[in-house]
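Working through the structure, step by step
The lines below spell out each chain.
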Amino acid sequence: MVIIGAGECGGRAAFALRDLGYDGLVTLVGDEPHLPYERPPLSKEAMASDAPEIKAIVSDDLLAEKSIRHLHSVRAVAIDRAAHEVRLSDGSSLSYDKLLLATGSTPRKLPMPGLGPRCVYLRTFADALAIRAYLRPGNRVAVIGGGFIGLELAASARKLGASVTVIEAQPRILMRGVPAEIAAVVHDAHVSEGVDILCGDGIAAIADDGKEVRVALAGGREITADLAIIGIGAVPVTGLAAEAGLAIDNGISVDAQLLTSDPDIFAAGDCCSFPLAVYGGRRVRLEAWRNAQEQGALAARNMLGAGEAHAAVPWFWSDQYALSLQIAGLSDEGKITVRRDLGEGAFILFHLAEDGRLVAASGIGPGNAVARDIRLAEMLIARRATPAPEALGSQAVKLKSLLAV
Amino acid sequence: MSDWVEACAADDIDEEDVMRFDHGGRTFAIYRSPDDEFFATDGLCTHEKVHLADGLVMDDIIECPKHNGRFNYKTGAARGAPVCVNLRTYPVKVDAGKVLIQIG
Ligand SMILES: Cc1cc2nc3c(=O)[nH]c(=O)nc-3n(C[C@H](O)[C@H](O)[C@H](O)COP(=O)(O)OP(=O)(O)OC[C@H]3O[C@@H](n4cnc5c(N)ncnc54)[C@H](O)[C@@H]3O)c2cc1C
Ligand code: FES
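Remember, it's a predicted structure, so these values are computed and weren't measured experimentally. (Residues numbered from 1 in each chain as written. Chains lettered and ligands numbered in written order. Predicted model: local features only at pLDDT ≥ 70, side-chain atom pairs only at ≥ 80, totals over all residues. Heavy atoms only, no water.)

Overview of the confidence of the model for chain B
Of the residues in chain B, 98% have a pLDDT of 70 or more, and the chain-wide mean is 94. For this predicted complex, the interface confidence score (ipTM) comes to 0.90, while the overall pTM stands at 0.95. (pLDDT = per-residue confidence, 0-100.)

Encoded structure:
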């Protein structure tokens, strides 16, 4: 078994193969120099500490104990499907019975001239260290893009005393996947922490002379910063798969069992698009941590012949300041919204389809205030439940009681 | 040998639920199982030190509110990514409607 991409998904898949009792060769190939590690802290805790540390999801000892061969700092450069071989950047090759592509995603590049050394993206630990070096009092940071990573970085930068301007071309932050009511809470939190948020204004030009970055907005404003962090989304890493002739459709296209158009090659995590059963097979690509774990484990089962279909409900969280946001399902599936207040400013929006099915739930509040109810909502969504809107909206009705129905 | 400490009244916790209990600068989680038994573990998740009492109890499992790491609260065993370090458990007894835990 060969796994390309030693991230969250690839790392979990390798261990899942062993947990399932597979005792043949397992090789995990990654182009980063590290053990598989968690990316979510890179915009959160890792940023706020003085000496950011990598949060590895495995140890060398554990890899050795489970006889998982981890090749780091090497890229897979080609797949020879006929010969069942993967060619690596160091000139060697690996043969496989089953191959898993867990190549993840990479930041979408800002298609603009004028970018320079002070215009950066965040995906890897190395990126995080480079950004961290700039986050201190007196420094000005421009965050281009009001999505999750940009906003989490804005919060971390404020915590470290830098001044921050967020530039978002859309009319509001978090346009993609987050209801306006929740985005407004996030917006207010940033403003009260001193972040300048500019929405609805595109970028006309960027000039980076290596000492500072000048960002000219279409509306006429100009922002000067010591560092510009670009967070305008991510694109799936599909080059290797495409060159091998595998079907691509907003990511490496897989079926419900995570199988690509080649019967011996699977793909999972951020790099793949797949049919989401809970929404009748709507094809989606998720960039979410738990999805990477779950799909890694599912791919492992199916590499061993389980033939199991993906059934999970998408789930995502984000932390900014004292606020935590959690979303189960995809809120754009909903037509009707019901609000449930949980006290201390925490609330959940339940999204129902026209036929009354609960399809998503988005919550925000201090700490983990929304966690339990979002988790229960996720279970209701998985069951395609049609809970009464009045029950969802009333704090007096425990969500757990709706599951028993 | 350490003493038994009164944590709460048995009625304070619903069946299949959990409550936080702080004592002597430490934090614990007290559980009432669906079959009406009481258990206690360390209060913080072994992944990122989050209070487990904000999580969801399902049968023998406490699920962490932060990233859904799972533990069997009866044994403390870690039951799935991202948690891999087990939780410490503590003896519990119920006496005259009070839940007592033995803090070691
Ligand atoms: C800063 C940041 C914060 C995040 N915060 C959250 C959050 O709060 N909540 C949440 O749910 N999700 C969050 N995410 C998303 C989450 O981290 C990803 O969904 C998850 O990492 C995806 O795992 P993956 O294994 O599919 O891909 P990745 O983790 O990207 O791993 C893919 C690996 O494959 C390597 N690779 C690619 N091509 C090759 C090749 N040809 N040969 C060898 N190696 C290759 C890559 O270098 C990379 O190491 C965050 C992501 C980032 C970057
Ligand atoms: S803090 Fe508990 S699972 Fe991460």
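Alright, that's what it looks like, and here's the rest.
Re the layout of surface pockets
Of the pockets and cavities examined, the second largest pocket occupies roughly 880 Å³. Around the second largest pocket, the lining comprises 33 residues; the ones closest to its centre are R12(A), F15(A), D19(A), G80(B) and A81(B). Those elements that provide at least two residues to the lining of the second largest pocket are α1 (8-19), α3 (60-65) and α8 (289-303) of chain A. When its residues are assigned to classes, the lining of the second largest pocket shows 17 nonpolar, seven polar and nine charged. (1 Å grid on protein atoms, 1.4 Å probe; cavity = no way out; pocket = protein on both sides within 12 Å on 5 of 7 lines; lining within 4 Å. Points joined across faces, edges and corners; volume = space filled by probe spheres on them. Helix = DSSP H or I, 4+ residues; strand = E, 2+ residues; numbered from the N terminus. Nonpolar A, V, L, I, M, F, W, Y, C, P; charged D, E, K, R; others polar.)

Remarks on the sheet that holds strand β9 (residues 92-95) of chain B
Residue and element names in this part refer to chain B. Pairing in this open sheet of three strands is antiparallel, and the strands run β1-β10-β9 from one edge to the other. At either end of the open sheet lies a strand with only one pairing partner, and these are β1 (4-9) and β9. For this sheet the average axis-to-axis angle between neighbouring strands, irrespective of direction, equals 30°. One ladder, built from four bridges, connects β9 with strand β10 (residues 98-102); its direction is antiparallel. If you follow V92 over to β10, its bridge partner there is I101. (Pairing = 2+ DSSP bridges. Axes fitted to C-alpha atoms, helices over the stretch in contact; angles between N-to-C directions.)

Structural notes on the interface of chain A and chain B
On the side of chain B, 21 residues touch chain A, which itself brings 20 residues to the contact. Around 1700 Å² of area is buried between chain A and chain B when both sides are counted, 42% of it from carbon and sulfur atoms. In this structure, the connection of chain A to chain B is made through six salt bridges. Note that R375(A) and E63(B) form a salt bridge whose closest N and O atoms lie 2.3 Å from each other. (Contact = heavy atoms within 4.5 Å. Buried area = accessible area lost by both parts, 1.4 Å probe. Salt bridge = Lys/Arg side-chain N within 4 Å of Asp/Glu carboxyl O.)

A closer look at the packing of aromatic side chains
All names here are of chain A. Summed over all chains, the structure comprises eight aromatic pairs over all chains. Ring geometry for Y37 versus F125: centroids 6.4 Å apart, planes at 70°, classification edge-to-face. Linking Y37 in the loop between β2 (26-29) and α2 (45-48) with F125 in helix α4 (residues 125-132), this pair joins segments that are 88 residues apart in sequence. Under the relative-accessibility criterion, Y37 is labelled buried at 3%. Ring pairing ties together the aromatic residues W289, W315 and W317, which thus form one cluster. Note that K109 overlies the ring of Y121, its terminal NZ or CZ placed 4.8 Å from the centroid. (Phe/Tyr/Trp six-rings, centres within 6.5 Å; stacked < 30°, edge-to-face > 60°. Buried < 20%, exposed > 50% of the residue type's maximum accessible area, 1.4 Å probe, protein only. Lys NZ or Arg CZ within 6 Å of the ring centre and 35° of its normal.)

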